[in-house]
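# Structural characterization, general
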Amino acid sequence: MNGFDWNAAWDVLPLLLHGFEVTLLATVLGTLVAAVLGLAIAVAGRAPSRFVTVPVRVVMEFIRSTPLLVQLVGAAALFSSVEPLVTGIVVLGVHYATYTSEVYRAGIDSVPKGQWEACRALSLSPRRTWQAVILPQAVRNVLPALGNYAIAMFKETPFLAVITVQEMVFEARQYGAEHFGYYTEAFTLAALIFLLASYPTSLLMRKLEKRLGH
């Protein structure tokens, strides 16, 4: 096709917006999984027993050392009876949890030692120490970094197409294949939607980072 066909662009837009809803859902739920699991991993990594820390470290290194695409395909093959979108959300969440755990670890390490000592002096239980003193400070320090990982996950949701999740890039590819090669229009609009969604969010994260840095 020569040039840009605006009729095809308007025709594919509703499909892309539907795909965007799936993309957004996968990103939001995947981020929640990554945030909660990453925090659990960070806390488990500080356990006094090597029977806890060593297995956690081995699993983390395995996940980090294998491509997300391979993890998606492998999980889809192992859990073929599970809805592909659910599989994709879990894999995204687990994959990014290995990175958010390091963010949490840095946030926990940034809490002054005096806070820990004060908790011990007050005879606070470990659970109370984490809930009331350490985690509120640590999470506040790492919010911008967590937001940046959410943006990164959003931009990697097209990988879900390999396990037949009908996200935005999947819809663009399907439209191009079914309508005589209108790939340019479909993928251009998909790219613009990604840009319009991710760029303002990245600016917001920068603003939040500056505000929390003061």
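Computed from a predicted structure; not experimentally measured.

What counts, and where the lines are drawn
- Residues numbered from 1 in each chain as written.
- Predicted model: local features only at pLDDT ≥ 70, side-chain atom pairs only at ≥ 80, totals over all residues.
- Heavy atoms only, no water.
- Phe/Tyr/Trp six-rings, centres within 6.5 Å; stacked < 30°, edge-to-face > 60°.
- Helix = DSSP H or I, 4+ residues; strand = E, 2+ residues; numbered from the N terminus.
- Buried < 20%, exposed > 50% of the residue type's maximum accessible area, 1.4 Å probe, protein only.
- Lys NZ or Arg CZ within 6 Å of the ring centre and 35° of its normal.
- Salt bridge = Lys/Arg side-chain N within 4 Å of Asp/Glu carboxyl O.
- Expected span 1.5 Å × (residues − 1).
- Arc of directions from axis to C-beta.
- Contact = heavy atoms within 4.5 Å.
- Polar contact = N/O pair within 3.5 Å; in protein donor to acceptor, adjacent residues only side chain to side chain.
- Bend = angle between axes of the 7 residues up to and from the residue.
- Axes fitted to C-alpha atoms, helices over the stretch in contact; angles between N-to-C directions.
- Parallel < 35°, antiparallel > 145°, perpendicular 65-115°, else oblique.
- Left-handed = near helix turned anticlockwise from the far one by under 90°.
- Nonpolar A, V, L, I, M, F, W, Y, C, P; charged D, E, K, R; others polar.

### Some remarks on the packing of aromatic side chains
For any pair of aromatic rings, the description rests on two quantities: the centre-to-centre distance and the angle between the ring planes. A complete count under the given rule lists 7 aromatic pairs for this structure. With 6.3 Å between their ring centres and 85° between their planes, Phe20 and Phe154 make a pair best called edge-to-face. In this pair, Phe20 sits in helix H1 (residues 6–44) while Phe154 sits in helix H6 (residues 126–156), placing the two residues 134 residues apart along the sequence. Among the residues examined, Phe154 registers a relative accessible area of 6% and is labelled buried. Connected via pairs of aromatic rings, a cluster forms that spans Phe20, Phe154 and Phe194. It is Arg64 that lies over the ring of Tyr99; its NZ or CZ is 5.8 Å from the centre.

### Observations regarding the pattern of salt bridges
This model, assessed by the stated rule, comprises 5 salt bridges. Across the pair Arg46 and Asp109 runs a salt bridge, and its minimum N-O distance is 2.9 Å. Of this pair, Arg46 sits in the loop between H1 and helix H2 (50–65) while Asp109 is found in helix H4 (residues 84–109), placing the two residues 63 residues apart along the sequence. Notably, a salt bridge pairs Arg105 with Asp109, separated by 3.2 Å at the nearest N-O pair. One end of the pair is Arg105 and the other is Asp109, both in helix H4 and 4 residues apart, which spans about a single turn. What makes Arg105 partly exposed here is its relative accessible area of 38%. Residue Asp109 is classed as partly exposed on the basis of its relative accessible area, which comes to 44%. Here the residues in one salt-bridge network are Arg46, Glu61, Arg64, Glu102, Arg105 and Asp109, joined through shared partners.

### Some details on H2
Taking 1.5 Å as the rise per residue, H2 with 16 residues should run 22 Å; its terminal C-alpha atoms sit 22 Å apart, in good agreement. If you check which residues of H2 are buried, you get Thr53, Met60 and Ile63. What you see down the axis of H2 is that its buried residues fit within an arc of 100°, all on one side. Among the exposed residues of H2, those oriented more than 90 degrees off its buried face are Arg50, Phe51, Val58, Phe62 and Ser65. Looking at the buried side of H2, the elements it contacts are H1, helix H3 (68–78) and H4. Its side-chain oxygen 3.2 Å from the backbone nitrogen of Phe51, Ser49 forms the N-cap of H2.

### A word on H1
Residue pairs three or four apart in sequence face the same way in an α-helix, which turns once every 3.6 residues. For H1, which comprises 39 residues, the first-to-last C-alpha distance of 54 Å matches the rise-based estimate of 57 Å (1.5 Å per residue) to within 8%. Along H1, the sharpest change in direction is near 35° and occurs at Leu13; proline Pro14 comes one to four residues later.

### Section: the side chain of Thr157
Here Thr157 is to be found in the loop between H6 and helix H7 (168–178). Not counting chain neighbours up to four residues away, the residues in contact with Thr157 comprise Thr23, Ala26, Thr27, Leu92, Glu167 and Phe194.

### Regarding the packing of H3 against H4
Relative orientation of the contacting elements H3 and H4 amounts to 140°, with a least axis distance of 10 Å. In terms of axis orientation, H3 runs oblique to H4. In this structure, H3 meets H4 at a crossing whose hand is right-handed. Between H3 and H4, the residues in contact are Leu68, Gln71, Leu72, Ala75 and Ala76 and Thr87, Gly88, Val91, Leu92 and His95, respectively. Grouping the amino acids of the contact of H3 with H4 by side-chain chemistry returns 6 nonpolar, 4 polar and no charged.

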